[in-house]
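Next come the chains, spelled out residue by residue.
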Amino acid sequence: MSTTETEGRIYDVAGQDWDELVKTVSESADERLVVNMGPQHPSTHGVLRLVLTLDGETVTEARTVIGYLHTGIEKNMEYRTWTQGVTFVTRMDYLAPIFNETAYCMGVEKLLGITDRIPDRAQAIRVLTMELTRISSHLVAIATFGMELGATTPMLFGFREREMVLDLMEYITGLRMNMAYVRPGGVSVDLPAGAVDKIGEFLKIMPGRIKEMRKLLDANPVYTRRTKDVAYLDLTGCMALGVTGPMLRAAGLPWDLRKSQPYCGYETYEFEVPTQNTCDVYGRYLVRVAEMEESLKIIEQALDRLSGPLKGGPVMIDDKKIGWPSQLALGPDGLGNSPDHIAHIMGSSMEALIHHFKLVTEGFRVPAGQAYASVESPRGELGAHVVSDGGTRPYRVHFRDPSFTNLQAVPATCEGGMVADVISAVASIDPVMGGVDR
Amino acid sequence: MTTENLPGLPEEPVARRGMFGVKDSGDTSGYNRLVVRRPPKLSSSRPYGSYFDEVADALEPAFADAIERVVVDRGEITFHVRRERLPEVMRHLRDDAALRFELSLGVSGVHYPEETGAELHAVYHLCSITHNRRIRVEVSCPDADPHIPSTVQVYPTHDWHERETYDFFGIVFDGHPALTRIEMPDDWEGHPQRKDYPLGGIPVEYRGAEVPAPDRRRSYS
């Protein structure tokens, strides 16, 4: 089938006689080929669609189409209380839910003016869970990337290790993903008994596992040939396109918000910001692996504090007008209400019941104004622009998701390269479509 | 919650009454006794504190007429800029040695239907890696003339962000290379993040029958 359009002759492949098509195409001298990659394609990390114009094997134009996973999270949040918002934001970047929650909660806390009053134990738990999540997120990035290049072992290793992190998260929060664990004012529930030991075991196993991964990939000739000098994006390009995270650090700039604009007490932890100056896919891989090793250091320090000086401290702000009223308990089937608290509000105090009811159904009111809070997510700067009109619901919440911004680098990294390297380029950006489309 | 570090609220005017302030969705509303007062239009005067004065010193001499007001609130500074001058101001913010806001964190839209003549706001968060500073630039435009000059020439990262803001709020960024919808389908009607756009909003067709939009299904009030 061929039609003549303004741009010239167009050949569609739509189930017709193949011989006939080849004959008509070979008659014309036009070599240009437009290929639609995605939105249902195993190498596009979800529902990303790429429209590639090819000249032989070379990509001359790469256009990105997004929006297939738009769920209206920002709009929905305007119809729910500030606390309920956490349940929405955790579903954006679903590989790094804790970061979404923390950025949002930090924004709300800034609006409430309570940033300094968040208990240290809650901050340490936030750091602990964030770094655990960073490891699991980077593991998925490396694992799926290996698979996309045809190496199934990194995929199996990566997901095996990630499962350990998800088990830990399930043990701590009650859920593997989308846990809505961080709340305005602190975290929803303290670490359960035995969590410190379990994380300690994980800390013993994990360095060896990362080494295994490094042995598989670092000097693997097939891997390096597919990644070195591929998808080059230098510092100027990163700055212009607003690219942050491992891509920026692989271009040589040690810009990490945990160091440069610390939050949640990161200034008190000792860790390095790994960088590379190769600006290519291999450099981004090395940065991610090194970041996992640094995260282990942070987890160890956080764990020492949680089992030492911060043991037994509160995990929610002492302000009863903000702190979530129910003391949660970890039941056999996930999180549940604490029986003591239920007995208190249902059996002994009418005022406690009213207070509980008001805070849960109506929520707390946040003074009018706007604030911007950002965290260093595994993919770069995750910012939350939070606007309140003084009510019990957000007036407007906007997320500056790093995947959304970094994905703009696809044309810059792919055009002029080989079509096979598009896979490497997209994988090294590590976009999560839930975060891109929100 | 302490109120010491927060701006005071005037008694009038009242922005809305009701428990949740939401009338158009199926909600457990009831008491109608809560009152949300409209926040005051803030404007700060010098000294702003922190590094804000240095930023203002570097910006104001050249653009005194372009800056409508400056707000310092919750440790953040906001420059409200006249929309005609936005690209110039942004270029100066990026290039001036004393400012050097190399990194833009994109555009965020906000719809304030009660602010007559400035209903639509575009908010830009800028970050200076050189000086390790952050500022916010805010621009407004009336609903009747929703045009703001594009800043893609200054910050190429605004390409998708401006498309997103156009998609959700209907702000037209003049000079954008290809201002099309980015999240919603190309043929979508309306701009979903505006306050006059209901949640849900569209009826759902399922096996020939039409299910009304979520906000029309039930009502408690």
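For the structure, check the block above.
We now turn to the structure provided with this report. The structure presented is a predicted model; accordingly, all values stated were derived computationally and were not measured.

### Things to note about the overall build of chain A
Stage number 1. Helix and strand content of chain A: 18 helices and 12 strands.
Stage number 2. Along the first, second and third principal axes, the C-alpha atoms of chain A reach 90 × 45 × 40 Å.
Stage number 3. Burial status across chain A gives 59% buried among its 438 residues.
Stage number 4. For chain A, restricting intrachain contacts to residue pairs at least 6 apart in sequence, the fraction spanning at least 24 positions comes to 68%.
Stage number 5. With the model as given, the accessible surface of chain A reaches about 16,900 Å², and the carbon-plus-sulfur share is 55%.
Stage number 6. Taking the 43 positively charged and 56 negatively charged side chains of chain A as two groups, their mean positions are separated by 5 Å.

### Examining the packing of helix 6 (residues 152-173) of chain A against helix 7 (residues 195-217) of chain A
All names here are of chain A.
Stage number 1. Relative to each other, helix 6 and helix 7 sit at 165 degrees, their axes nearing to 11 Å. On the basis of the axis angle, helix 6 is roughly antiparallel to helix 7. Of the two possible hands of crossing, helix 6 and helix 7 adopt the one that is left-handed. Across from T153, P154, F157, G158, R160, E161, M164, V165, L168, Y171 and I172 in helix 6, the residues of helix 7 making contact are A195, K198, I199, F202, I205, M206, R209, E212, M213, L216 and L217.
Stage number 2. Looking at the contact of helix 6 with helix 7 residue by residue, the classes come out as 15 nonpolar, two polar and five charged.

### A look at the pairing of strand 4 (residues 49-55) of chain A
Moving residue by residue along a regular strand, the side chains alternate between the two faces of the sheet.
Residue and element names in this part refer to chain A.
Stage number 1. In terms of residue burial, strand 4 counts as a mostly covered element, since five of its seven residues are buried.
Stage number 2. As judged from the six bridges shared by strand 3 (residues 32-37) and strand 4, these two strands associate in the antiparallel manner. Bridge pairing links R32 to D55 in strand 4.
Stage number 3. Of the strand pairs in this sheet, strand 4 and strand 5 (residues 58-65) are connected by seven bridges, and their pairing is antiparallel. The partner of L50 across the bridge, within strand 5, is T64.

### Details of the sheet that holds strand 11 (residues 380-388) of chain A
Residue and element names in this part refer to chain A.
Stage number 1. The three strands are arranged 10-11-12 in an open sheet whose pairing can be described as antiparallel. Edge strands, defined here as strands with exactly one partner in the open sheet, are strand 10 (369-377) and strand 12 (396-400). Neighbour-to-neighbour, the strand axes of this sheet turn through a mean angle of 15 degrees, independent of strand direction.
Stage number 2. Of the strand pairs in this sheet, strand 11 and strand 12 are connected by five bridges, and their pairing is antiparallel. Its bridge partner being in strand 12, V387 is matched across the sheet by R396.
Stage number 3. Helix 4 (residues 97-112) contacts strand 10, strand 11 and strand 12 of the sheet and is inclined by roughly 150 degrees relative to strand 10.

### Digging into empty space enclosed by the protein
Residue and element names in this part refer to chain A.
Stage number 1. Across all of its chains, the model carries four cavities of 30 Å³ or more by this definition.
Stage number 2. Roughly 60 Å³ of volume is contained in the largest cavity.
Stage number 3. What lines the largest cavity is simply Y94, L95, P97, T133, S136, R162, L166, M169, R176, M177 and M179.
Stage number 4. For the lining of the largest cavity, the secondary-structure elements that each account for two or more residues are helix 5 (120-148) and helix 6.
Stage number 5. Each residue belonging to the lining of the largest cavity can be placed in one class, and the counts come to seven nonpolar, two polar and two charged.

Thresholds applied
Residues numbered from 1 in each chain as written. Chains lettered and ligands numbered in written order. Predicted model: local features only at pLDDT ≥ 70, side-chain atom pairs only at ≥ 80, totals over all residues. Heavy atoms only, no water. Helix = DSSP H or I, 4+ residues; strand = E, 2+ residues; numbered from the N terminus. Buried < 20%, exposed > 50% of the residue type's maximum accessible area, 1.4 Å probe, protein only. Contact = heavy atoms within 4.5 Å. Areas by Shrake-Rupley, 256 points an atom, 1.4 Å probe, with all protein chains shown as cover. Lys, Arg positive; Asp, Glu negative; His and termini not counted. Charge placed at Lys NZ, Arg CZ, Asp CG, Glu CD. Axes fitted to C-alpha atoms, helices over the stretch in contact; angles between N-to-C directions. Parallel < 35°, antiparallel > 145°, perpendicular 65-115°, else oblique. Left-handed = near helix turned anticlockwise from the far one by under 90°. Nonpolar A, V, L, I, M, F, W, Y, C, P; charged D, E, K, R; others polar. Pairing = 2+ DSSP bridges. 1 Å grid on protein atoms, 1.4 Å probe; cavity = no way out; pocket = protein on both sides within 12 Å on 5 of 7 lines; lining within 4 Å. Points joined across faces, edges and corners; volume = space filled by probe spheres on them.

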